[in-house]
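Here's the letter readout for the chains.
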Amino acid sequence: SRSEYWFVTEGSCQVKTENSDMQVHAHDEVIKIPVGSWHQLSNPFTEPCRIVEIQYGEACEESDIERK
């Protein structure tokens, strides 16, 4: 299992998690995704969004990802 931090390095994005409504995040903001938390990232804006994702935990692999 792993947790993730997403650091918005450019543009803006929308993030929805199982514990929150859709929220807009912009340049220099950090989003914390707890272990096992369902999450969704989208970019409805015209400007590209770039994210740096940092994973940490016991197992940093993506075999547990479920696409919807």
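Definitions and limits used
Residues numbered from 1 in each chain as written. Predicted model: local features only at pLDDT ≥ 70, side-chain atom pairs only at ≥ 80, totals over all residues. Heavy atoms only, no water. Pairing = 2+ DSSP bridges. Helix = DSSP H or I, 4+ residues; strand = E, 2+ residues; numbered from the N terminus. Axes fitted to C-alpha atoms, helices over the stretch in contact; angles between N-to-C directions. Core = buried A, V, L, I, M, F, W, Y, C linked by side-chain atoms within 4.5 Å. Buried < 20%, exposed > 50% of the residue type's maximum accessible area, 1.4 Å probe, protein only. Contact = heavy atoms within 4.5 Å.

Trainee: Looking at this structure, I do not really get the sheet that holds strand S1 (residues 2-10). What am I missing?
Mentor: For sheets, the rule is that strands pair by backbone hydrogen bonds, running either parallel or antiparallel. Read from one edge to the other, the open sheet built from three strands follows the order S4-S1-S6, with strand pairing classed as antiparallel. Where the open sheet ends on each side, the last strands, each with one partner, are strand S4 (30-33) and strand S6 (50-57). Along the sheet, successive strands turn relative to each other by an average axial angle of 20 degrees, direction set aside. Across eight bridges, S1 lies against S6 in antiparallel orientation. When the bridges of S6 are listed, Phe7 appears paired with Val52.

Trainee: Looking at this structure, how should I read the sheet that holds strand S3 (residues 20-26)?
Mentor: Here three strands make up an open sheet; going across it, the order is S3-S2-S5 and the pairing antiparallel. The outermost strands of the open sheet, each flanked by one partner alone, are S3 and strand S5 (39-42). Sheet twist, expressed as the average angle between the axes of neighbouring strands with direction ignored, equals 20 degrees. In this structure, strand S2 (residues 12-17) lies alongside S5, joined through four bridges in antiparallel fashion. Looking across to S5, one finds that Thr17 is bridged to His39.

Trainee: So what exactly am I meant to see when it comes to the pairing of S1 here?
Mentor: When a strand is regular, its side chains alternate between the sheet's two faces. Relative to S4, S1 is paired through four bridges, and the arrangement is antiparallel. What sits directly across from Tyr5, in S4, is Lys32.

Trainee: What should I look at first to understand the nonpolar core in this one?
Mentor: Side chains of a nonpolar character, in soluble globular proteins, are inclined to be buried together. Trp6, Val8, Cys13, Val15, Ile31 and Ile33 together form the largest nonpolar core, which totals six residues. Sorting the residues of this core by element identifies S1, S2 and S4 as the ones contributing at least two each. In this view, Val15 contacts Trp6, Asp21, Met22, Gln23, His25, Ile31, Gln40 and Leu41; residues no more than four positions away in its chain are not counted.

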